[in-house]
Each structure stands twice: as structure tokens, then as C-alpha cells.
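# A closer look at the structure
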Amino acid sequence: LKHNKDYQPLSGRVMPRFAAIKSFFRLPILEVARLGESVWDEKFDIALVGVPFDGGTSYRPGARLAPTRVREVSSLGRSYHWESKTSVFEKINAADLGDIACPPVNLDQSYTAIETFIKNGLKKSKRILSCGGDHSVTLPILRAHRAHFKKPLAFIHFDAHLDTYPAAWGNEYHHGSFVRHAIEEKLIDPKRTLQIGIRGPLASQDDLDFVTKHKMTVITIDHPTYLSFDVDALDPAYAPGTGTPVIGGLTSYEAQRILRSLKIKNLVGGDVVEVNPAFDHGDITSLFAVDVLFEMLRMMTK
Ligand code: MN
Ligand code: MN
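A brief look at the structure comes next. (Residues numbered from 1 in each chain as written. Chains lettered and ligands numbered in written order. Predicted model: local features only at pLDDT ≥ 70, side-chain atom pairs only at ≥ 80, totals over all residues. Heavy atoms only, no water.)

### A look at the overall build of the protein chain
For the protein chain, the helix and strand inventory stands at 9 helices and 9 strands. On C-alpha atoms alone, the protein chain measures out to a radius of gyration of 18 Å, which is about the 19 Å that the 2.2 N^0.38 rule sets for 302 residues. Seen through its principal axes, the protein chain has C-alpha atoms that stretch 55 × 40 × 40 Å. Of all 302 residues assigned to the protein chain, the portion counted as buried reaches 57%. Sequence-distant contacts in the protein chain: of pairs separated by 6 or more residues, those separated by 24 or more amount to 78%. Averaged over its 37 positive side-chain charges, the protein chain has a centre that lies 8 Å from the centre of its 35 negative ones. (Helix = DSSP H or I, 4+ residues; strand = E, 2+ residues; numbered from the N terminus. Rg over C-alpha atoms; globule rule 2.2 N^0.38 Å. Buried < 20%, exposed > 50% of the residue type's maximum accessible area, 1.4 Å probe, protein only. Contact = heavy atoms within 4.5 Å. Lys, Arg positive; Asp, Glu negative; His and termini not counted. Charge placed at Lys NZ, Arg CZ, Asp CG, Glu CD.)

Here it is, written out as C-alpha cells:
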């Protein structure tokens, strides 16, 4: 692949959408695992990557299966963004860089693999959208962005949970603690952090104390911004395929309204996490994840 025009989805008119080797949005596949780090020198701007790790899960596992399933479901992904009247893929050059090789039995090794992968892309001025994985994967991704941008990021976080919870079973790092670590490590700026969809459950009053103390909520504008979307922000009726469902959440329509109303001038990266195909029905949750990725691609067109 040499020319910018090559970094576009494979047309459904050339190859039917139910066919072909699956990649995110039918984009060209430049798999780092096979082709090596040199693919970062290719002429795309945005990399979609899978992060198939769910070793940070506290309840039901299976989010490791999400990248494969979301790729499959994204075959139906559109390229025209109706509301903003934007032909998204005409304005960006994107590619599927494959999955990050995360050893399923070792969180430390997986964190290292994820951080290294993302850093290698940022070094080549790429923006990266990740498909998890459980929410623990966002921490090493944020570490890489923090190191690259040399300042704490603005952070938009969709979730049912605060993810500021304490250690579990003596383990500091799991999918419910990444926000606490991100603040303590100064990866994100709590005053430029917005959490949407939160409704518990809380482990203790301490979880709320932490949020209050750091004054998290204010909206951000023109600052390097990272968006992390945990699909359990949605009601389980709309996103049953997830590891720790909590009733009383957003509808997929409401989430779409919120995503489309966010004015983010400088989205430097993002992820959608906690899709668990093992508990999904009719791919409802994967379909939603595809839409989150598409909205983030649209935000990156300007
Ligand atoms: Mn979460
Ligand atoms: Mn959650």
C-alpha cells in the first residue's frame, strides 16, 4: 500500500459485505504481528487495533473475544455520517493494524505489550482507536498517550462504574481501578475529566470520596482528549454482551445523541471496551461498539 487512497474500506459493491477477510470497517489490514513495526511508516493517519485481553475482569470473562467479533460486525459499517454530512473515510486514511499480542495469563506482560504497541504508533504520529478487551487495558494505553503528549490528558469516560475502586484480592490492577491509577499517575487531568452513565454499584463510600476530592466532571474543549467507552454505560437491554451489567443505563439512542453532541476539537485517541460476545444476543452490543468507533473516527476528521 503506497497511496493515501488505498487506506479506505473495501466497497460493498466490489465485494459483498458478508464476504472477504474481516477487518475493522473493511479497512486494509497491516498486521504488526506479521509485518513488523515498519507498517507504522505507511501513509495512514488512524490505526484501529484490537486489544484481546480480559485478565482484569472481576466478574464474567469473555471480552478477549471482542476484537474478532467487532471486526466481523463492522462489515456493515457505513462510511457516510448522516448527521454531520461527512464522508468519514474520505477525510481520513485508516488501517487495521491487527491485535496486540497480549498473553492471557499475565497482566504485567500484557500491559507492557499494550503500552509498547501504542507508543510505537504515537511515535510515528498516528492516532489510535482500540477495541478491548476489558477496561484494564485503558491504563497502559493512557500511559503511552501521557508519555507522548507530555501532559495529563482531558478524559471522557462512559461507564456504569467509576472505575476508581480499590485493589481486589490484593491486586491493584483490574478493570475497576484504572481511573484511580490514571489520576494517581497523573495520566489524566481530573479537572478535565467527564464521567457519563455512572450508576454504581460502589464498593464503598471511599469510591465517591475519591471522585469528589479530585473534582472530576468539567467538560473539556481544546486539549489533548482521550475518550474511553465502556459499553456497560448502556442499559443491559441495549448492551447485554458485557461482563458486569448494571440496569438503569443509557439507551443506545441516548448514547449516540451524547456522542454526537460532544464538541471535542482534539481527540488524540480512544477505545471501546467490555464488549463480551459470549453474553451478547444477535450482536447488539458489537453493533453498538462499531458505532462508537465510527463516531470517534468522525470526531477525528476535523
Ligand atoms: Mn469500566
Ligand atoms: Mn463498567
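Now, onward.
### What to know about helix α8 (residues 252–261)
Taken together, the buried positions of α8 are A255, Q256, L259 and R260. What you see down the axis of α8 is that its buried residues fit within an arc of 130°, all on one side. Where α8 is buried, its residues touch β2 (80–81), β6 (153–158), β8 (225–230) and α9 (284–299). (Arc of directions from axis to C-beta.)

### Quick notes on the coordination of the manganese ion (ligand 2)
Binding of the manganese ion (ligand 2) to the protein goes through D159 (OD), H161 (ND1), D230 (OD), D232 (OD) and D232 (OD), at separations of 2.1 to 2.4 Å. For the manganese ion (ligand 2), the donor residues sit on a single chain with the sequence spacing D-x1-H-x68-D-x1-D. Here the manganese ion (ligand 1) and the manganese ion (ligand 2) are spaced 3.3 Å from one another, each receiving a donor from D159. Of this pair, H161 sits in the loop between β6 and α6 (178–184) while D230 sits in strand β8; the two residues are 69 residues apart in sequence, bridging distant segments of the chain. H161 gets classed as buried once you look at its relative accessible area, which sits at 8%. (Donors = N, O, S within 2.8 Å, 3.2 Å for Na, K, Ca; no water.)

### What about the coordination of the manganese ion (ligand 1)?
Looking at the manganese ion (ligand 1), one finds its protein donor set to be H135 (ND1), D159 (OD), D163 (OD) and D230 (OD), positioned 2.1 to 2.2 Å from the metal centre. For the manganese ion (ligand 1), all donor residues lie on one chain, and their spacing in sequence is H-x23-D-x3-D-x66-D.

### What about the packing of α8 against α9?
Axis separation between α8 and α9 bottoms out at 10 Å; the angle between their running directions is 10°. Taken as axis vectors, α8 and α9 run roughly parallel relative to one another. Residues S252, A255, Q256, L259 and R260 of α8 pack against F288, D291, V292, E295, R298 and M299 of α9. Here the contact of α8 with α9 is composed, by residue class, of 5 nonpolar, 2 polar and 4 charged. (Axes fitted to C-alpha atoms, helices over the stretch in contact; angles between N-to-C directions. Parallel < 35°, antiparallel > 145°, perpendicular 65-115°, else oblique. Nonpolar A, V, L, I, M, F, W, Y, C, P; charged D, E, K, R; others polar.)

### Brief notes about the sheet that holds strand β1 (residues 46–51)
If you walk across this open sheet you meet the 7 strands as β4-β1-β5-β9-β8-β6-β7, and the pairing is parallel. With partners counted over all chains shown, the strands left at the sheet margins are β4 (94–99) and β7 (188–196), one partner each. Strand-to-strand, the axes of this sheet are offset by a mean angle of 15°, without reference to chain direction. As paired elements, β1 and strand β5 (residues 127–132) share 6 bridges and run parallel to each other. Looking at β5, one finds that G50 is bridged to C131. (Pairing = 2+ DSSP bridges.)

### Details of unusual backbone geometry
Most peptide bonds are trans, and most residues other than glycine sit at a negative phi. Geometrically, the link from G132 to G133 is a cis peptide bond, its omega value of 15° lying close to zero. Relative to the elements of secondary structure, G133 occurs in the loop between β5 and α5 (138–149).

### Comments concerning the nonpolar core
Soluble, globular proteins show a tendency: their nonpolar side chains are buried together. Counting 42 residues, the largest nonpolar core has F25, F158, L227, F229 and L293 as the members making the most contacts within it. Here this core takes 9 residues from α9, the largest share from any one element. Setting aside its immediate chain neighbours within four residues, L227 contacts I156, F158, L259, L262, I264, L267, G269, G270, D271, M296 and M299. Within the second largest apolar cluster, 37 residues are counted, among which are Y7, L139, L153 and V268. (Core = buried A, V, L, I, M, F, W, Y, C linked by side-chain atoms within 4.5 Å.)

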